[in-house]
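Fold and contact review
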Amino acid sequence: PNSPKPTILFLHGFPSSSFDWHNQITYFAGKGYGVIAPDLLGYGSTTAPTSLEPYTFKSMTEDIISILKHCQVDLSSGEMLHFVGHDFGAILLSTLLAYHPNIALTASFVAVPYTPPGVKLDLDAMKQITEKVLGFELFGYRRFFIRENSWQLIDEHKESFFTNLYGPEELMMSDFLPPGKLEAWLRADKRVPYEQWVTPEYKQTRDRIFSKDDSYKGPTDWYKARFRDFLGIDQEVEELGQPRIPCPAMFLQSAGSKMLMAEVKTRTGKFADEYEYHEAPSGEGHFVQLEAPDEVNDILEKWF
């Protein structure tokens, strides 16, 4: 911060860390923006609480507000930021905006659209809908993540897990998203070659960030709290009602992505008074900010 341009807050998703924004951090800091990209709770260098209570969205939202204040963003004097969330970070951003509607200049949802707070996702209902539209159960992987010790299997097969999740999108559709597929993949310790964007430097840094034996416990606890125990969701309904996005909103994904239903292109716009949809032309999959960083940076900069 302390720059003439506004500050941008980047919220990473699963199973990432602040480092997955490194291309954006370098670019926007170089352009004079303030940049804040925290490791979210349970990730990277943060603490990983043993109970699930701290993983409620309201609690993590307050963590983020504390980080902003620590970084000398003067919210009390009306300072506002650009917000960017990828994957689970986009879902958290949806609730953050509802609890703190007066601090956002813009909201950018990357790869995962706006997700209204206070909604309990019914896995069985979503199974029927997504199988009908896409031909596979889009959220089947969550059945694995919400199991008590799923993180241990991931931990025992970190390399296999990385090549599956950060691999080509077709692999995600065949061996990650449908139920049982990821677990079978890990138990067989399957691997595929890295995508073109995975440099030795990137892989070494990521391996170091996830080097602890329980690196994936905190990340999977997000799923248990939100999608198994529904912690804090009734409180969101009570306190927030049915909020709208309080600022101009954008949804950005890879042009080549095929794993989401077509309606995601318009979903965020239903909750915003001002909305734009963008695609990164050379992006193929879910981690668009890593695959097509120059295009993502260009889209974000024009949007800001």
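Bear in mind the structure is a predicted one, so any value in this text is a computation, not a measurement. In this numbering scheme, every chain counts its residues from 1 along its sequence in written order. Owing to the predicted nature of the model, reporting of local features is limited to residues with pLDDT of at least 70; listing and counting of side-chain atom pairs is limited to 80 or more, with chain, interface and lining totals taken over all residues. Each side-chain value is worked out from all heavy atoms of the structure, with water and hydrogens disregarded.

Here we look at the packing of helix α2 (residues 57-70) against helix α3 (residues 88-99)
Structural elements are reduced to axes, namely lines fitted to C-alpha atoms, with helices fitted over the stretch in contact, and the angle between N-to-C directions of any two is expressed from 0 to 180 degrees. The numbering of helices and of strands both runs from the N terminus, where a helix is a DSSP run of H or I of at least 4 residues and a strand a run of E of at least 2. Where α2 meets α3, the closest approach of the two axes is 9 Å, and the angle between their N-to-C directions is 80°. Classified by the interaxial angle, the pair formed by α2 and α3 is roughly perpendicular. Contacts between α2 and α3 pair Phe57, Lys58, Met60, Thr61, Ile64 and Ile65 from the former with Phe88, Ile91, Leu92, Thr95, Leu96 and Tyr99 from the latter. We call Asp, Glu, Lys and Arg charged. Ala, Val, Leu, Ile, Met, Phe, Trp, Tyr, Cys and Pro are nonpolar, and the rest, Gly among them, are polar. Across the contact of α2 with α3, the residue classes break down as nine nonpolar, two polar and one charged. Orientation is classified from the angle alone, with under 35 degrees giving roughly parallel, over 145 giving roughly antiparallel, 65 to 115 giving roughly perpendicular, and any other angle giving oblique. It only takes one pair of heavy atoms within 4.5 Å for two residues to be counted as in contact.

Some details on the packing of aromatic side chains
Between the rings of Phe, Tyr and Trp (Trp by its six-membered ring), a pair exists once the centres lie within 6.5 Å; its type follows the angle of the planes, with under 30 degrees stacked, over 60 edge-to-face, and the other angles tilted. Throughout the structure, instances matching the rule amount to 33 aromatic pairs. Their ring planes at 25° and their centres at 4.7 Å tell us that Tyr141 and Phe176 sit as a pair that is stacked. Taken together, the positions of Tyr141 in helix α5 (residues 141-145) and Phe176 in the loop between α8 (169-175) and α9 (181-187) put the pair 35 residues apart, joining distant regions of the chain. Accessibility expressed as a relative area gives 9% for Tyr141, which makes it buried. Pairing Phe145 with Tyr223 gives two aromatic rings, centres 4.9 Å apart and planes at 50°, and the pair type is tilted. Of this pair, Phe145 sits in helix α5 while Tyr223 sits in helix α11 (residues 217-228), placing them 78 residues apart in sequence. Only protein chains enter the calculation, and the probe is 1.4 Å; a residue is then buried if its accessible area is under 20% of its type maximum, exposed if over 50%, and partly exposed in between. Taking relative accessible area as the criterion, Phe145 reaches 0% and is therefore assigned buried. For Tyr223, a relative accessible area of 4% translates into the label buried. Distance and angle both matter: a charge sits over a ring if NZ of Lys or CZ of Arg is within 6 Å of the ring centre and within 35 degrees of the ring normal. The cationic tip of Lys203 hangs over the ring face of Phe162; the distance from NZ or CZ to the ring centre is 4.7 Å.

Digging into the UniProt feature "domain: AB hydrolase-1" (unreviewed entry) in the protein
UniProt tags residues 6-293 as "domain: AB hydrolase-1" (unreviewed entry). The span residues 6-293 is 42% helix and 11% strand, and its two end C-alpha atoms sit 21 Å from each other. UniProt positions are given in the numbering used here, feature names are shortened, and annotations may be inferred rather than shown by experiment.

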